[in-house]
Structures are given as C-alpha cells and as structure tokens.
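Next come the chains, spelled out residue by residue.
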Amino acid sequence: MLRPSAADGETSWKAAVLAELAHTDAFRTPRPIVARSGSWSVDGWEAWQWVPGGTDEKRVDEVRATGAAFHEAIRELRRPGFLADDPWARSDRIAWEEAALPRERTLERLADAFAPVTAPSQMIHGDLLGNVMFAQGHPPSIIDWAPYWRPAGFADAIVLADAACWHGLDVQEMRRSAEGVPEGRQLLIRALVFRIATFHLLGRWDAQMEAHHEAAIEVALT
C-alpha cells in the first residue's frame, strides 16, 4: 500500500518503530517496506504491507481494547523530535492549553470546564476508531498511526467522542465508559475540543456540525 510520506521525519520514525514492534494476539500493524536504497520513503511516497480486513466503527469496545494493547506495547517509547503543524496537531495543542483557543462559543464553553490532568503522557494513536481493521482469524490491525504525546486515556476518549458524535453510540454509554478511565471526564472534554477545534481550523464548523456534537457536549459537561 502506497501513501504520501509524512513530513519532518515522521515517516522514518514510525517505520523504524513498526518494523520491529512485536505483534500479539490483541493487535498487529502493517510492516513498512524499505526501498532498495534503504530509505523508508522515495520521491515523497512510503510503502506499507497490505493487510486484510475492514473497519467497523460500531465495534467500540473492541477498538478500545485493541488500542489499549497497542499503547501498552509502545509505552516505553520516547517522545520523538518531529512536531507536525497541521490542523490536527494544532487542535491537539489547543485541547491541552498549549495554543490559543479560537474565539468560538462551543469551544469556550468546553474550555471553561478544563481541569488539570495528572496522567503521564506517552506516544498514542489519536485516531483509532476508523483505523482498526477486523478480519476473521486474525488479530485486529491498527493502521494509519496518528502519533501524539498524550495520556493513553486521551486516545480512548477520542474513540468514545467520535463514536457518540458520528456512529450512534449512546451518549450516556459514552459517559459511563469514560468514567471507567482515570480522569475520563476531563479527557472526554479535551477530546471534544480536539475534534471541534480541528473542524474550526479546517473551516468546516457550522450549525450542522454543532448539531452532531451537541448531545455529547451536554453529557460531557454535566
């Protein structure tokens, strides 16, 4: 499978990690394919092993369990040197009060509920729900790693927020599941800020988007 290379060393870093990462019965990942030159990318492209299966955003608990196994496997990784500057990376920094909050009513309301988070940061996959593939007879496959340096529970909260806002997960179940994670309500609030800020920076936040998020926001804030 070919895809455009990431910038600022991200492709090489991910390839080096995933080329050696031990797979388990709980998860696997595609292996990177090295070029004849020994490089992980050529002319702006990177290559990865194709794996069978398909995503299923309704299988929330299985996605969360797969993510937990992956995060445990990469828990000792050090923070890499690259720093992305796309809307997703900027929104992540907004959600963690490392960048200015846009002037937007919904974001300001959520940010008023920010409280300190004490959980330690590590490398995580920040977009799991649509990037876990299931195939009969195989462990779930984690694809398209979106790397962030945050508490592992933040990845879990993003899964729950995405599932509730876009894939029919009951918002009360979203909250109950979040409460099972240390500091889960706070992580859920920051996950919603992360997603909404991204839509705002991409110029896609409008009344329809707000309607998709409204119920989840109300439950997260109560």
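Here the structure is a predicted model, which means the values were calculated and not measured.

A. Structural view of the overall build of the protein. A tally of regular secondary structure across the protein gives 8 helices and 9 strands. The C-alpha radius of gyration computed for the protein amounts to 17 Å, which stays within 12% of the reference 17 Å derived for 222 residues, consistent with globular compactness. A principal-axis box enclosing the C-alpha atoms of the protein has dimensions of 55 × 35 × 35 Å. Across the 222 residues of the protein, 48% fall into the buried class. Restricting to contacts in the protein with at least 6 residues of sequence separation, those with at least 24 account for 75%. Carbon and sulfur atoms provide 51% of the accessible area of the protein, an area that totals close to 11,100 Å².

B. Region of the structure containing the side chain of Gln 122. Take Gln 122: it is sitting in strand β6 (residues 122-125). When its relative accessible area of 9% is taken as the criterion, Gln 122 is described as buried. Beyond its immediate sequence surroundings of up to four residues, Gln 122 is in contact with His 71, Ile 74, Arg 75, Tyr 148, Trp 149, Arg 150 and Ala 152.

C. Representation of the sheet that holds strand β7 (residues 132-134). In spatial order, the strands read β5-β7-β8; together these 3 strands make up an open sheet with antiparallel pairing. Edge positions in the sheet fall to β5 (54-55) and β8 (141-142), since each has one partner strand and no second. Two strands pair when backbone bridges link them, and β5 and β7 are joined in this way by 2 bridges, in the antiparallel orientation. Opposite Gly 54, over in β7, you have Phe 134 as the bridge partner.

D. Seen up close, helix α3 (residues 87-95). Burial of α3 is extensive: 7 of the 9 residues sit out of reach of the surface. Residues Pro 87, Ala 89, Ser 91, Asp 92, Arg 93, Ile 94 and Ala 95 constitute the buried set of α3. Tucked inside the fold, the buried residues of α3 contact β9 (147-150), α5 (152-166) and α7 (184-201). Two or three places before Trp 88, at the start of α3, stands the capping residue Asp 86, its side-chain oxygen 3.1 Å from that residue's backbone nitrogen. Positioned one or two residues after α3, Glu 97 has a phi angle of 60 degrees, which is positive.

E. Representation of the environment of Ile 217 in the model. Along the chain, the position of Ile 217 falls in helix α8 (residues 207-221). C-alpha of Ile 217 to C-alpha of Thr 106: the two residues are 111 residues apart in sequence and 8.7 Å apart in space.

F. View of the nonpolar core. Phe 70, Leu 110, Trp 145, Phe 154, Met 174 and Leu 192 are the most contacted members of the largest nonpolar core, which totals 62 residues. Sequence-distant contacts of Trp 145, defined by excluding residues within four places in its chain, comprise Glu 10, Trp 13, Lys 14, Val 17, Leu 18, Phe 70, Ile 74, Leu 77, Met 123, Ile 124 and His 125.

G. The arrangement of unusual backbone geometry in detail. Of note in the backbone geometry, Glu 97 takes a positive phi value of approximately 60 degrees without being a glycine. Note that Glu 97 resides in the loop between α3 and α4 (105-111). Positive phi, close to 60 degrees, is recorded for Glu 183, a residue that is not glycine. Counting through the fold element by element, Glu 183 comes out in the loop between α6 (171-179) and α7. Residue classification places Glu 183 among the partly exposed residues on the basis of a relative accessible area of 27%.

H. Structural detail: the pattern of salt bridges. Within the structure shown, the criterion is met by 19 salt bridges. Here Arg 59 makes a salt bridge to Glu 62, at a shortest N to O gap of 2.7 Å. Looking at Glu 62, the relative accessible area reads 36%, which means it is partly exposed. Through salt bridges with shared partners, a single ionic network connects Arg 3, Glu 46 and Asp 144.

I. Spatial organisation of helix α2 (residues 60-73). Here α2 spans 20 Å end to end across 14 residues, near enough to the 20 Å set by a 1.5 Å rise per residue. Looking at α2, one finds that the buried residues are Val 60, Val 63, Arg 64, Thr 66, Gly 67, Phe 70 and His 71. In a view along the axis of α2, the buried residues occupy a sector of 165 degrees, so they form one face of it. Residues of α2 that are buried in the fold lie against α1 (10-20), β6, β7, β8, α5 and α6.

Quick notes on the rules
Residues numbered from 1 in each chain as written. Predicted model: local features only at pLDDT ≥ 70, side-chain atom pairs only at ≥ 80, totals over all residues. Heavy atoms only, no water. Helix = DSSP H or I, 4+ residues; strand = E, 2+ residues; numbered from the N terminus. Rg over C-alpha atoms; globule rule 2.2 N^0.38 Å. Buried < 20%, exposed > 50% of the residue type's maximum accessible area, 1.4 Å probe, protein only. Contact = heavy atoms within 4.5 Å. Areas by Shrake-Rupley, 256 points an atom, 1.4 Å probe, with all protein chains shown as cover. Pairing = 2+ DSSP bridges. Polar contact = N/O pair within 3.5 Å; in protein donor to acceptor, adjacent residues only side chain to side chain. Core = buried A, V, L, I, M, F, W, Y, C linked by side-chain atoms within 4.5 Å. Salt bridge = Lys/Arg side-chain N within 4 Å of Asp/Glu carboxyl O. Expected span 1.5 Å × (residues − 1). Arc of directions from axis to C-beta.

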